[in-house]
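Single-letter residue listing:
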Amino acid sequence: MDERETRFACALSVLAAPQSKGLWDKIQLNGPEEVYSGLERHFKLEVQSYLLDEYSDDPYVAAGSIIERAHGAGARIIHYWSDMYPDSLKMINHPPVVLYVLGKLPQGPAVAVVGTRKPDLKSQAIARRIAAETSEAGYVIVSGMAVGIDREAHLGALNSGGTTIGVLANGIDRLYPYANSDLRRMILESGSSALISEYPPGSIAGKWTFVRRNRIISGLSNATVVVQAGRNSGALMTAGYAMEQNREVFACSGNSFDMRFEGCHSLIRDGAGLISCTEDLLRELSTMPFVPKRHFAASSGAIKGGPLSRAANHEVPVIDGDMNGVNLRVLSVIRGGVSEPDSIVRATGLSPEEVAEALIELELSGAVLRNGNVIIPARGIGG
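Residues numbered from 1 in each chain as written. Predicted model: local features only at pLDDT ≥ 70, side-chain atom pairs only at ≥ 80, totals over all residues. Heavy atoms only, no water.

## Observations concerning the overall build of the chain
Of regular secondary structure, the chain possesses 16 helices and 11 strands. In the chain, of all internal contacts separated by at least 6 residues, the share reaching a separation of at least 24 is 73%. Approximately 16,300 Å² of the chain is accessible, and the part contributed by carbon and sulfur atoms is 49%. (Helix = DSSP H or I, 4+ residues; strand = E, 2+ residues; numbered from the N terminus. Contact = heavy atoms within 4.5 Å. Areas by Shrake-Rupley, 256 points an atom, 1.4 Å probe, with all protein chains shown as cover.)

As structure tokens, then:
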């Protein structure tokens, strides 16, 4: 792989406010050096603020340090223009410009298995069984390396002799959560599975990194299965991204009136396939192409069906009076047309951490919709 190309790709991956600079429109037409040089002629290029404790504020200088640290951690760097970059990720809105990879990245059709970090014992067993049996049928299992359902999904694939991809919300060199240190070791020792991250080495996980990571989990997969999820589970965001990406969504049901499955029940009501056994899933997968057709969400950012459809249909459960001051402040600037996290930080004067937490709470409540790195107010909320 061309080292110069890789360095420019890494520099692009850490740019502040990439959407406002039109980055994703340009990467489909030009190579990384051409894109970087073109942006440099029209904008002042800076590194995203969350990386400034680790790297230079000059993206090209930072890229050199990032490459050195990645190689020191034993990670490969796969960029958007590389032949090794997953085709399925190129088809999503705002694909990661760079992936840091430990292990061997498996090829072929994939299924994401996700859910709550605090599952009951039955759901743990179900997640592991679905992952094992789907893996035995030849599918790669994708999940987010969290405790709970994610862990069971990865273990199900590995214990059945299959392959899995763990998508991290932190730098590839950081062990998080510590409880999954054994799982991390198993993946790397398997010789056929991988850990990946879009975040440079040294990056610490935060609420917003988990949200952004979810688009990669669904984007790598032909279908997403939600095993157990409550009303505010992050797994619903993965399902929402899957719908935006025109991928299939399935859910397992729990008992009636069991709030631990409220998110799954909502998905099923909104059209997700009901999974009562792995055969249900495999039957549906057998009718699907290996690589989904390219699809982009409508310009409004509304996601058809699924857990976010309440906002698009004006059935919004939250009103301004229910929000705290920080959330109202963030929502106000979004309604004023500010649509990117970095820009929201500058417009509000809040810290990146405060803005990230507010955006997650606003998205979970249905007050805003997220389309990749662009945030818009949901229709029918407030003024």
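Back to the text.
## Quick word on the nonpolar core
Formed by 70 residues in total, the largest nonpolar core has its most connected members in L12 and I196. Aside from chain neighbours lying at most four places away, what touches I196 is L99, Y100, V101, L105, I165, G166, V167, L168, I172, I216 and L220. Formed by 20 residues, the second largest nonpolar core is a distinct cluster that contains V111, A127, I130 and C252. (Core = buried A, V, L, I, M, F, W, Y, C linked by side-chain atoms within 4.5 Å. Buried < 20%, exposed > 50% of the residue type's maximum accessible area, 1.4 Å probe, protein only.)

## Brief notes about the packing of aromatic side chains
A complete count under the given rule lists nine aromatic pairs for this structure. The interplanar angle of 75° and the centroid separation of 4.9 Å between the aromatic rings of Y50 and W208 together place this pair among those described as edge-to-face. One end of the pair, Y50, is in the loop between α3 (32-42) and α4 (59-72); the other, W208, is in helix α9 (residues 207-219), and 158 residues separate them in sequence. Ring centres of Y199 and W208 lie 6.0 Å apart, and the angle between their planes is 85°; on these two criteria the pair is classed as edge-to-face. On the basis of relative accessibility, which here comes to 1%, the residue Y199 falls in the buried class. Three or more aromatic residues joined by ring pairs make a cluster, and in this case those are F8, Y36 and Y60. Sitting over the ring of Y60, R7 keeps its end group 3.9 Å from the ring centre. Between the NZ or CZ atom of K90 and the centre of the ring of Y80, over which it lies, the distance is 5.1 Å. (Phe/Tyr/Trp six-rings, centres within 6.5 Å; stacked < 30°, edge-to-face > 60°. Lys NZ or Arg CZ within 6 Å of the ring centre and 35° of its normal.)

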